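Below are the chains, spelled out letter by letter.
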Amino acid sequence: MSITAPAGFRAAGVTAGLKSSGKPDLALVVNDGPDQVGAAVFTSNRVVGAPVIWSRQAVTDNVVHAVVLNSGGANVATGPDGFAHAHATAEKAAALLGASAADVVVCSTGLIGVPLAADKLLAGLDRAVDGLSVAGGPAAATAIMTTDTVPKEVLVEAGGWSLGGMAKGAGMLAPSLATMLVVLTTDAVVDAATADAALRAATATTFDRIDSDGCMSTSDTVVLMSSGASGHTPEPAEFAEAVQSACAQLARALIADAEGASHDIAVQVVGASDEAAAVAVGRAVTRSNLFKAAMFGNDPNWGRIIAQVGTVPEEVAPFDPAELDVRINGLLICRAGGAHEDPAQLDLAASREVHVVIDLHAGDATATIWTNDLTHDYVHENSAYST
């Protein structure tokens, strides 16, 4: 169950010395073809790292031969030297692989504003190339972890072809994308337009709909590579469904590993005038620290939910406050804008998952945003992250 399960891919994860802990911190994923189709989406943050600047240009021709990923340093706000280091990384990987640097995507994650130890990274690439293997997927998934507690991998198998994936992310999870590095691989035969369309459709309803803490990263990158090694050409809809499934599973894994979280919370908005309205309402609730703190305390305080619903402008999400319904784990605790069933019937401590349904009674559209609770552990970890 990894990025090397599809035919035509090798990977490695090694220790380059970028992390003071001595844990693995450099991953390499290589597409051996025969095709090297690539597509990618990136953070919409206006402040981005040198790897994002480099990689945005690298994927414009829809060819990706390899992806180099490091943890232990984001290479963000590092000036001209930072871009030179990203460029040198792509050049070194390309030289070792017999590829073009313009076809190498570079991804970095870690502290912002700290110069990357480029000499260690470049030296580590030699070991990564030497360690490339069809069994190297799990090692690569481990090497990209930062505050993650577990590696995150997925495999979707179809008729004669498959799609694998790995992801990292545990904090700063917020659209768009959400804080993450993701690599998806497939041995299906797909053209660039099909790959790009499938990736953008999938990320829009998966990674763009998880919101751990409302904080957008500077380094988010999701890359899809196709080797075509299976010889099978799926229908575009079939391929899109597989990409959607893989992204959805990885997105849920990111929320499940969110820093210090004790609850995974689905906020489903139904009865909205359109999908955009449903998303806006869902985001308003999942961004509320009061709501998230209540969930941590196993307190089904529905008043905090409807208060957040009311912050969405009417032109964005029309609804009548006197018609709002709210269910938590199936219990209708708010009906027609007022108290209904006794919240004391709910035991939120009994399960890690919490399902909130908000019915606007304003249409037929729906959307779900996943978040997590706000815990003491989250505050502690992020108060001491750089020290």
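About the thresholds
Residues numbered from 1 in each chain as written. Predicted model: local features only at pLDDT ≥ 70, side-chain atom pairs only at ≥ 80, totals over all residues. Heavy atoms only, no water. Salt bridge = Lys/Arg side-chain N within 4 Å of Asp/Glu carboxyl O. Helix = DSSP H or I, 4+ residues; strand = E, 2+ residues; numbered from the N terminus. Buried < 20%, exposed > 50% of the residue type's maximum accessible area, 1.4 Å probe, protein only. Phe/Tyr/Trp six-rings, centres within 6.5 Å; stacked < 30°, edge-to-face > 60°. Axes fitted to C-alpha atoms, helices over the stretch in contact; angles between N-to-C directions. Parallel < 35°, antiparallel > 145°, perpendicular 65-115°, else oblique. Left-handed = near helix turned anticlockwise from the far one by under 90°. Contact = heavy atoms within 4.5 Å. Pairing = 2+ DSSP bridges.

Asks: In this structure, what is going on with the pattern of salt bridges? I would like to understand it.
Replies: A side chain of one charge can pair with a side chain of the opposite charge when the charged atoms of the two come close. What the rule picks out here adds up to 9 salt bridges. Linking Asp126 and Lys92 is a salt bridge whose minimum nitrogen-to-oxygen distance equals 3.0 Å. Within this pair, whereas Asp126 is found in helix H3 (residues 118-130), its partner Lys92 is found in helix H2 (residues 79-97), the two being separated by 34 residues in sequence. On the basis of relative accessibility, which here comes to 32%, the residue Asp126 falls in the partly exposed class.

Asks: Can you walk me through the packing of aromatic side chains in this structure?
Replies: For any two aromatic rings, the description comes down to two numbers: the centre-to-centre distance and the angle of the planes. A complete count under the given rule lists 2 aromatic pairs for this structure. A ring pair is formed by Trp54 and Phe83, whose centres lie 6.2 Å apart and whose planes are at 55°; its orientation type is tilted. Of the two residues, Trp54 sits in helix H1 (residues 50-58) while Phe83 sits in helix H2, which places them 29 residues apart along the sequence. Judged by its relative accessible area of 12%, Trp54 is buried.

Asks: Explain the packing of H1 against H2 to me, please; I cannot follow it from the model alone.
Replies: Contact geometry for H1 and H2: axes closest at 8 Å, N-to-C directions at 50°. One finds that H1 runs oblique with respect to H2. The hand of the H1/H2 crossing is right-handed. Between H1 and H2, the contacting residues are Ala50, Pro51, Ile53 and Trp54 on the first element and Gly82, Phe83, Ala86, His87 and Ala90 on the second.

Asks: Looking at this model, I keep getting lost on the sheet that holds strand E5 (residues 104-108). Mind explaining?
Replies: The strands making up a sheet are joined through hydrogen bonds of the backbone, oriented either antiparallel or parallel. If you trace the 4 strands from one edge of the open sheet to the other, you get E1-E2-E4-E5, paired in mixed fashion. Strand pairing shows two members of the sheet lacking a second neighbour, strand E1 (9-14) and E5, which therefore form its edges. Each strand axis lies, on average, 10° off the axis of its neighbour in the sheet, ignoring direction. As judged from the 5 bridges shared by strand E2 (residues 26-31) and strand E4 (residues 66-70), these two strands associate in the antiparallel manner. Among the inter-strand pairings, Leu28 is bridged to a residue of E4, identified as Val68. The strands touched by H2 are E2, E4 and E5; relative to E5, the strand with the most contacts, the crossing angle is about 130°. In this fold H3 packs onto E1, E2 and E4, with an angle of close to 50° to the strand it touches most, E2.

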